[in-house]
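Notes for the structure review
Chain by chain, the residues:
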Amino acid sequence: MFRVERVKHRYQRSLRLVMVILGLQLSAFGLGQSLSFGLYGRLSPDHLTPTLEATLPLGTFDLHTRFQQGAMGVGLGSTMGFAALGQVSYGVLASLGFAGWGLQGSASGTFGPLAASIEALYSNTLRSNLWVGDQAEGGLRLGLAGRYRLAPRQTLGLQLGFSRDLLGTPRGSGELTYALRQSQTYTFGLGVDDSRLYGLLGWRGEIDAAGTMLTTTLRAGQLNRLEAALTAPLDPEQFNNLKLHLTLAYPWAASLGVEAHGFRADAAYDGGFSLWLRYRLTPGGNE
Amino acid sequence: MNKLLAIAAVLFLGLGVAQTIPEITRQVQANLDRSPWEATISGRIQLPDGSSQEAEFRLQVIPGREQLARVEFKRPAALEGNFMVVSDREVWNYLFLTNQLIIQPRARARVEGLGINLADLGDFHQLSERVALRLAGEQNSPAGAVWRITGTPRDATLGFASMELLVLKSDPRPLSITLRDSSNNVVSELRMGDFRRANLTPQMLRRRPADAEILRRN
């Protein structure tokens, strides 16, 4: 018990040191790219924690740090652009907390008619224990996604996933989509998630003259999920948008997110209720 | 009679002055800076892998103290819907396939990714700063009499060894631009057509899907 207390004390001291360094960095640069303060609360299991996320430019990289009660994460990411031809982004993130540790890496790129992304995550605890915004799953997860432009307005998409949870149970998923883009985008697809088959229908388009965008995706079959996102421009010059996200799933789960002027509120139900309130400071405007 | 002679002398001198590169540059820049304009640019461009592609863009320019240029891609098909917005401070690149907007500081952005800096066509003064220009003569074109201007880059990283520009004399603006490599092979050849003055606003040039993912590059 004494040893656990000592480790905990050492951990808290390290955390405080990192916070101080981070604070110095922020004041030294005076232009930390973004800083988010948050408060996350959850009923069953009962949990309340402040959250802090910071992104700092570090040469051609961005340094990401995040803190919550009992866990922290540090990551690096970068983006390379090839003018209008495409871009490549990549990043790594390491998390450490009382509950365990986690590592994740991701890369994505677009070049001409092809876009692809790959991600790999491993944690020896539920990822939600290391960061409240992550899913309540642990172990290994691999993901691969690709999009190919068949014709100027037709896109083929493929997503493949594999995971092995903390008990060693493997799970696979795959989804094939076809998108027809005119003034509005229609998406049709088929998918399988852990031997559950489903069909996919999607619609995306502007719903008013101000440029408000609505995106809806329905997956129905042996897996049922409806996702909707609404983005309304508030101040286009400053990248200020009102964003609404809604997810409904059966077996019952739901989430609702609202975001505007740096404020963000996410409410979710997945067997227990949670609420996450955040405020993001971005020197030079929000996005 | 003396007056007529004086006017003729001034006109002659004026024409003589117009034959110099700084004066042509000044005339083109003054003409392009007069009001917002748009044009279609078509021809062949070289991709980073060395291959050559048929290309067509729509170029829109708002001149002035805070110059703004938008380049929309029509061809090749793989790039249709992509666009660039170049301002004094930033360069935006929108990728249609992934609905992403990549924002870079202008100072660090390489807008020459396509073998040619398209924004230079709207900023003739900047072009003359980056390329040493020389008047090679005059010739006729379907659009009228043109100045033929050749140039070599002052900066070796621009990706070409020589440039040839045709500039319309009656309405001073570039009509075509040809870039060649050190073996004199054509790397890019673009023509500027459908030039017209247009009532453009910064909001029109900066328009983008509201839900585009923003990626900022340091």
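1. Considering the interface of chain B and chain A
Taken together, the contacts link 27 residues of chain B with 33 residues of chain A. Breaking the side of chain B that touches chain A down by element, the ones donating at least two residues are β5 (90-95), β6 (100-105) and β12 (213-216) of chain B.

2. Thoughts on the nonpolar core
B:L59, B:M84, B:V85, B:W92, B:Y94 and B:V167 are the most contacted members of the largest nonpolar core, which totals 54 residues. Of all the elements, strand β2 (residues 52-62) of chain B adds the most residues to this core, at 5 residues. If we skip the residues at most four places from it in the chain, B:V85 touches B:L68, B:R70, B:W92, B:L205 and B:R206. Core analysis: the second largest hydrophobic core is formed by 7 residues, A:F67, A:A71, A:M72 and A:W131 among them.

3. Digging into the confidence of the model for chain B
Close reading of the predicted structure is inappropriate where its pLDDT is low. Residue and element names in this part refer to chain B. Put simply, chain B has an average pLDDT of 81, and 81% of its residues get 70 or more. Here helix α1 (residues 2-18) is the element of chain B with the lowest mean pLDDT, 44, and strand β4 (residues 83-86) is the one with the highest, 92. Counting interchain partners and residues more than four positions distant, the pLDDT-below-50 stretch residues 112-116 has 20 contacts. Here the prediction assigns the complex a pTM of 0.81, and the interface score ipTM is 0.81.

4. Describing the sheet that holds strand β1 (residues 37-46) of chain B
All names here are of chain B. On the basis of which strands lie adjacent, the open sheet formed by 12 strands has the order β7-β8-β9-β10-β11-β1-β2-β3-β4-β5-β6-β12 and mixed pairing. The open sheet has two edge strands with one neighbour each: β7 (131-141) and β12. Across the sheet, the axes of successive neighbouring strands diverge by a mean angle of 20 degrees, strand direction being ignored. In terms of strand pairing, β7 meets strand β8 (residues 144-153) through 10 bridges, oriented antiparallel.

5. Structural notes on the confidence of the model for chain A
Residues at a pLDDT of 70 or more form 87% of chain A, whose mean pLDDT is 87. Per-residue pLDDT stays below 50 along residues 1-32 of chain A; that stretch engages in 13 contacts with residues further than four places along the chain or on separate chains.

6. A short note on helix α2 (residues 21-32) of chain B
Residue and element names in this part refer to chain B. Counted at 1.5 Å a residue, the expected span for α2 with its 12 residues is 16 Å, and the 16 Å between its end C-alpha atoms agrees. Among the residues of α2, I24, V28 and L32 are the ones counted as buried. What you see down the axis of α2 is that its buried residues fit within an arc of 65 degrees, all on one side.

7. With respect to the pairing of strand β14 (residues 224-235) of chain A
For a regular strand, the rule is simple: side chains alternate between the two faces of the sheet. Residues and elements named next belong to chain A. Strand direction decides the pairing type here: strand β13 (residues 213-221) and β14, joined by 7 bridges, are antiparallel. Bridge pairing in β14 links R219 to R225. Both β14 and strand β15 (residues 240-250) contribute to a ladder of 11 bridges, which runs antiparallel. Paired with N224 across the bridge in β15 is Y250. Where β14 folds back on β15, the antiparallel hairpin that results is connected by 4 residues, among which F239 adopts a positive phi of roughly 60 degrees.

Rules and cut-offs
Residues numbered from 1 in each chain as written. Chains lettered and ligands numbered in written order. Predicted model: local features only at pLDDT ≥ 70, side-chain atom pairs only at ≥ 80, totals over all residues. Contact = placed C-beta atoms within 7 Å. Helix = DSSP H or I, 4+ residues; strand = E, 2+ residues; numbered from the N terminus. Core = buried A, V, L, I, M, F, W, Y, C linked by C-beta atoms within 7 Å. Buried ≥ 20, exposed ≤ 12 C-beta atoms within 10 Å, placed from the backbone. pLDDT = per-residue confidence, 0-100. Pairing = 2+ DSSP bridges. Axes fitted to C-alpha atoms, helices over the stretch in contact; angles between N-to-C directions. Expected span 1.5 Å × (residues − 1). Arc of directions from axis to C-beta.

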